[in-house]
Amino acid sequence: MRASTITAVAFCLALCAAFGTAGCDEEPGPIVNNGMFQGIVGGEETDYEIYRGVVALYVPMGSSGAMCTATLIDPQVLLTAGHCVYSPGEGLDAVSDPSVMMVLGGKNLSSPVGLYFYPDPEEIVTHPSWTGEIGFDSVDMAMIKLSAPIETVETYRIRPDNDFGEGDTGIIVGYGLSSSSDADSAGIHRWGETTVQTKLSHFVNLGDPAGTCQGDSGGPFFTMVGDYLHVTGVTSLGMSGTCDPMDGSVDENVPMQYDWIDDTMNAFVGYGLADVPHQDPPATDSDSDSDSDSDSDSDTDSDSDSDTDTDSDSDADSSSGGGGDGSCSTAPEAPRAGSLLGLLF
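Residues numbered from 1 in each chain as written. Predicted model: local features only at pLDDT ≥ 70, side-chain atom pairs only at ≥ 80, totals over all residues. Heavy atoms only, no water.

Draft legend 1. A look at helix H2 (residues 258-269). For H2, with twelve residues, the first-to-last C-alpha span of 16 Å sits near the 16 Å given by 1.5 Å per residue. Among the residues making up H2, those that are buried are Trp 260, Ile 261, Thr 264, Met 265 and Phe 268. Considered in projection along H2, the buried side chains sweep an arc of 135 degrees and stay on one side of the axis. Exposed residues on H2 whose side chains face more than 90 degrees from its buried face are Asp 259, Asp 263 and Ala 267. Where H2 is buried, its residues touch strand S3 (64-74), strand S4 (77-80), strand S9 (121-126), strand S10 (142-146) and strand S11 (157-158). Phi for Gly 270, located one or two positions after H2, is positive at around 90 degrees. (Helix = DSSP H or I, 4+ residues; strand = E, 2+ residues; numbered from the N terminus. Expected span 1.5 Å × (residues − 1). Buried < 20%, exposed > 50% of the residue type's maximum accessible area, 1.4 Å probe, protein only. Arc of directions from axis to C-beta. Contact = heavy atoms within 4.5 Å.)

Here's what the structure looks like:
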């Protein structure tokens, strides 16, 4: 289908009229670098202990780069926004050359501690209607096949039905700004609760109490279906440059694109959404760490040290000495680390 050639300003004004959003009293301005493409405002940091299947996309561009968010919907497949991979006005085309894009995880992308480099993109496909221009006839969505599966974090299901509406609540997650005036707040993994304000065409307007901002583009809006979180929206744009959660942010309606996502999944990995081997989050417990036992360390045994055996030291054998062979200590393997400070913005 031929994409709409409506300008960004006219389109945003049309959305303003339809959604009746206060923030639209200000002229939207051009799309490029003005905050129309949207971080989590009014949310909380996750420390990368929850929603680990929500990752960051980064494309170096000269002395800076473009950053977005994406969701793992299969161990080898990501769902994100179309403008995160193909935006001619920004000089971005990862569809033609997926090797320009990195997939990252961690609680703070600017820190060398706990930064994960995940398998590189192998193939990128945008929605058939996406040409790089926002419009009612242009679906801002893309899928990424990775060169290898990510087997250490959870995957998320796609909501199959469109039976949600105004007043329904859910979760947004992303790596974007927590304030439009604080560039240093980008690159931190955050989540927040939000509410469906309106649905229009293939868009969902979200806000209250949390909303999105620059860098959250491509990230998920989750709703619960049964016992599982389902991807229900993909962050696309914002209704104002200030990222005020009450002004609203706009997501693509994921259930409306279920068939395309299913077909693309099949083309990528040879099976559809119904057959995805989902990796679910670990069971929750009552302590403050990220594992499923009731002690305060990060492993799943019943003692209070950091290994997986039942003795009181921190190595992986069953003796009480410090080393793995009873004689010398070895540090556990850390995730591959490196600082992106100075590259993100």
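Draft legend 2. Spatial organisation of the pairing of strand S17 (residues 249-253). Of all five residues that make up S17, five are buried, and the element is covered over most of its length. In this structure, strand S16 (residues 228-238) lies alongside S17, joined through five bridges in antiparallel fashion. Counterpart to Gly 238 in the pairing with S17 is Ser 249. (Pairing = 2+ DSSP bridges.)

Draft legend 3. View of the sheet that holds S9. Read across the open sheet, the seven strands follow the order S8-S7-S2-S3-S4-S10-S9; overall the sheet is antiparallel. Of all the strands in the sheet, just strand S8 (116-117) and S9 have a single pairing partner and so form its edges. Where strand S2 (residues 54-61) meets strand S7 (residues 102-105), three bridges bridge the pair, whose relative direction is antiparallel. Bridge assignment links Ala 56 to a residue of S7, and that residue is Leu 104. Across the sheet, H2 touches S3, S4, S9 and S10, and the angle it forms with S10 is around 20 degrees. (Axes fitted to C-alpha atoms, helices over the stretch in contact; angles between N-to-C directions.)

Draft legend 4. How the structure looks around unusual backbone geometry. Put simply, Asp 208 and Pro 209 share a cis peptide bond, and its omega is 5 degrees. Take Pro 209: it is sitting in the loop between strand S14 (203-207) and strand S15 (220-225). Positive phi outside glycine occurs at Asp 47, with the angle close to 60 degrees. Secondary-structure assignment places Asp 47 in the loop between strand S1 (44-45) and S2. Residue Ser 201 is not a glycine yet carries a positive backbone phi of 50 degrees. With respect to the secondary-structure elements, Ser 201 resides in the loop between strand S13 (190-200) and S14.

Draft legend 5. Quick look at the state of the cysteines. Within this structure, the stated rule accounts for one disulfide. Sulfur-sulfur distance for the disulfide between Cys 68 and Cys 84 comes to 2.1 Å. Residues Cys 68 and Cys 84 are joined by a disulfide whose S-S torsion is about -85 degrees; by sign, that bridge is left-handed. Of this pair, Cys 68 sits in strand S3 while Cys 84 sits in the loop between S4 and strand S5 (86-87), placing them 16 residues apart in sequence. Accessibility expressed as a relative area gives 9% for Cys 68, which makes it buried. (Disulfide = S-S within 2.5 Å.)

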